[in-house]
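Observations on the three-dimensional arrangement
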Amino acid sequence: MTTMTAQPRAEAAATDVLAVEDVSVSLAGRQILDDVCFTVGAGQFTGLIGPNGAGKTTLLRVILGLQRPSSGTVTVLRRDRSRRSTAVGYVPQKVLLDPDLPMRACDLVALGIDGHRFGIPLPSKRRAELVREMLHAVDAERFAGTRVGNLSGGEQQRVLIAHALISRPRLLLLDEPLANLDLRSGQEIIALLAKIATEQRVAVLLSAHEVNPLLPVMDRVVYLAAGHAASGTTQEVIQADVLSKLYGHHVDVLHVHGRVLVVAGAASGPGEDLTADHAVEAGSG
Amino acid sequence: MHQLWTWVFEPGFFTSSPVHVAAGIGGAVAVVCGVTGVFTVMRGQSFGGHALGDVSAAGGSGALLAGLSPLLGFVGLGIVGAGAMDLIGVRRVRGRDLATGIVLGAAIGLSALFLYLATYTGATSGGPQQILFGSIFTVTPGTLPAVMGLSLLALAVLAVAWRPLLLDTVSPDIAAARGVRVRLTGLLYMLALAISVGLSSLAVGAILSTALLIGPAATALRLTKRVGWAVAAACLIGVAATWLGILLAYDSYDWGPSHQGLPVSFFIVAVVFAAYLLAGIPAARATRHQPVAAPPAVPPGELDSRVAA
């Protein structure tokens, strides 16, 4: 299931945008992440896949500098991730935009330019032009003047992506952007992100609990399970032996009509809930 | 024509010195409350604003007992209360109700004590009424500079915190990831809120202070979909309501045979409430007639085209 676009990108990926090295995190005495290692190259589309509770959000928070790892380092553009910057764009999980929030889509995108600075923004032609450009890039021009709270889930995602992209980050992190979307909106968002990764050379790291919707566009996958991570191309990672090692018990990888199903092996006792979990997920894809 | 004029503006309205002071202070307070109120409603902290009103009441009662200026008590204890709420956890949405409830309860208890002692010592007969329900006509001209200074301070704080505050309102996660010092931003907002509520307590009384803070802002948010316009509208509505309330209260001296005027705070709050109800009419119409825009169909080939590219 390699994508044909993976080839030209792999060449350009000589400079890594993100390097996560031996990152471990324990929260309240519980080991959430254990020696996680992977890199993301410029303009690459990387899926961060794992069941619920695998530590995806924690890992993203570490990359953002919002969570300090117990050990290990995170470097963004070869700089240590202790200082937060505009080099990383972020679309968090389940942002609920209040229908009463007096903000149009274009206002929210504009806030992405300099929302972290003090003071009141002054309107300018350049700002307006930048916002229009960005709304065009995410195909959101038609609802630029609508209150963000009145937009659908997929439309809000587009606006939030534009908000995150307008400061021209080299890396875009999205936490479960498909969680609240119907299948069609989800596919549109993935296609959009893949386009952005290619055209604007922004590396995309997107977390999801299901691998199938991402298969057509992913250059690389980081698979998280039980605090451990395996990374590589989808072919390298979505393998029975790799995932079995990750989960700590036997799992099978089945290919059905171009889709992948990860199911716990028949002999494994403790993995029964996993079977149910993934069977449902695969079914919904 | 002249008769109508004198019927609307009772003789002496424009020459009365208490009216001048009231209009000046009321106008300044309404502007500050308009700006702060929009952020308060957007952030869903109306209940917090109300709790600070009760803290102001305790401060005002304490000042009354100690023989100090009520404004000092209103604003001073309000700022302390805001700090306490921040410490208890007003930042976390879950901790917000708790922080507010605890501070509110403690404040009302203090008010009860101070007002009891103030009435008991008998030094001030109308004091409790004054603190809780206010009368902008009794504010002394000497208070004007302090009111203007505090108003400018609150407006300056909000102007500085404007953008990060908006970003934090949209999503605290995004704000933190962008490097916004969310704790500092939240504290600046709470400071502006405490000053606004203190000023509002002086104008319409501590109990009614929330009305002037939330009413015009909530009305404005019904009318516009832009933050800047909402702030401008909230200020205009607040100033109009305050001045109209002052006029009605002034006129009310001639309404009854006893020439006993009705409370000015009542009129201000009544106008604010009426404005809120009126603003609901266009909003309700808009939602009824709003066509549901269907998203344009996406050609099925769009997703696959990337794989083929």
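Residues numbered from 1 in each chain as written. Chains lettered and ligands numbered in written order. Predicted model: local features only at pLDDT ≥ 70, side-chain atom pairs only at ≥ 80, totals over all residues.

**Digging into helix 3 (residues 46-66) of chain B**
All names here are of chain B. Condition: Each helix is a run of DSSP H or I of at least 4 residues and each strand a run of E of at least 2, with the numbering of both proceeding from the N terminus. Expected span of a helix: the number of residues minus one, times 1.5 Å. Three exposure classes are used, based on other C-beta atoms lying within 10 Å of a residue's own C-beta, which is placed from the backbone: buried for 20 or more, exposed for 12 or fewer, and partly exposed in between.
Look at helix 3: 30 Å from first C-alpha to last across 21 residues, which is about the 30 Å you get at 1.5 Å a residue. In terms of burial, helix 3 is largely enclosed, as 18 of its 21 residues are buried. Phi for Gly 67, located one or two positions after helix 3, is positive at around 75°.

**Considering the interface of chain B and chain A**
Test applied: A pair of residues counts as a contact when their C-beta atoms, built from backbone coordinates, are separated by no more than 7 Å. Residues are sorted three ways: Asp, Glu, Lys and Arg are charged, Ala, Val, Leu, Ile, Met, Phe, Trp, Tyr, Cys and Pro are nonpolar, and all the rest, Gly among them, are polar.
Taken together, the contact pairs 30 residues of chain B with 34 residues of chain A. The dominant element in the side of chain B that touches chain A, judged by the number of residues it contributes, is helix 7 (residues 144-170) of chain B, at nine residues. Taken together, the residues of the side of chain B that touches chain A sort by class into 20 nonpolar, three polar and seven charged.

**Some details on the confidence of the model for chain B**
All names here are of chain B. Which entries qualify depends on this criterion: The pLDDT score gives, residue by residue, the confidence of the prediction method on a 0 to 100 scale.
When pLDDT is averaged along chain B, the result is 85; 88% of the residues meet or exceed 70. Across residues 291-309 the pLDDT falls below 50, and counting only partners more than four positions away or on other chains, this stretch makes 14 contacts in the model. With pTM at 0.84, the complex prediction returns an ipTM value of 0.81.

**Brief notes about the sheet that holds strand 9 (residues 220-225) of chain A**
All names here are of chain A. We count it as follows: Strand pairing follows a simple DSSP-based rule, namely that at least 2 bridges must link the two strands. An axis is simply a line fitted to the C-alpha atoms; with a helix, the fit covers only the stretch in contact. Between two such axes, the angle follows the N-to-C directions and lies from 0 to 180 degrees.
Read across the open sheet, the six strands follow the order 6-7-8-3-9-10; overall the sheet is mixed. Two strands in the sheet have a free side with no partner beyond their single neighbour: strand 6 (88-91) and strand 10 (228-232). Direction aside, neighbouring strands of the sheet carry axes that sit 15° apart on average. Pairing geometry for strand 7 (residues 171-175) and strand 8 (residues 203-208), over five bridges, is parallel. Residue pairing across strands places Asp 175 opposite Ser 207, the latter belonging to strand 8. On top of the sheet, helix 2 (residues 56-64) reaches strand 3 (45-49), strand 6, strand 7, strand 8 and strand 9; it is set at about 150° to strand 7, its chief contact. In the packing of helix 6 (residues 183-199) onto the sheet, the strands contacted are strand 3 and strand 8, and the crossing angle to strand 8 comes to about 155°.

**Details of the packing of helix 3 of chain B against helix 10 (residues 209-223) of chain B**
Residue and element names in this part refer to chain B. To keep it simple, the criterion reads: By definition in this entry, angles of less than 35 degrees are roughly parallel, angles greater than 145 are roughly antiparallel, angles of 65 to 115 are roughly perpendicular, and the rest are oblique. The handedness criterion is simple: a crossing whose near helix is rotated anticlockwise from the far helix by less than a right angle is left-handed, and one whose near helix is rotated clockwise is right-handed.
Axis separation between helix 3 and helix 10 bottoms out at 9 Å; the angle between their running directions is 155°. What the angle tells us is that helix 3 and helix 10 run roughly antiparallel. For the pair helix 3 and helix 10, the crossing hand works out as right-handed. When helix 3 is examined against helix 10, the residues Ser 46, Gly 49, His 50, Gly 53 and Ser 56 are found in contact with a partner set consisting of Ser 209, Thr 210, Leu 213 and Ile 214. For the contact of helix 3 with helix 10, the residue count by class is two nonpolar, seven polar and no charged.

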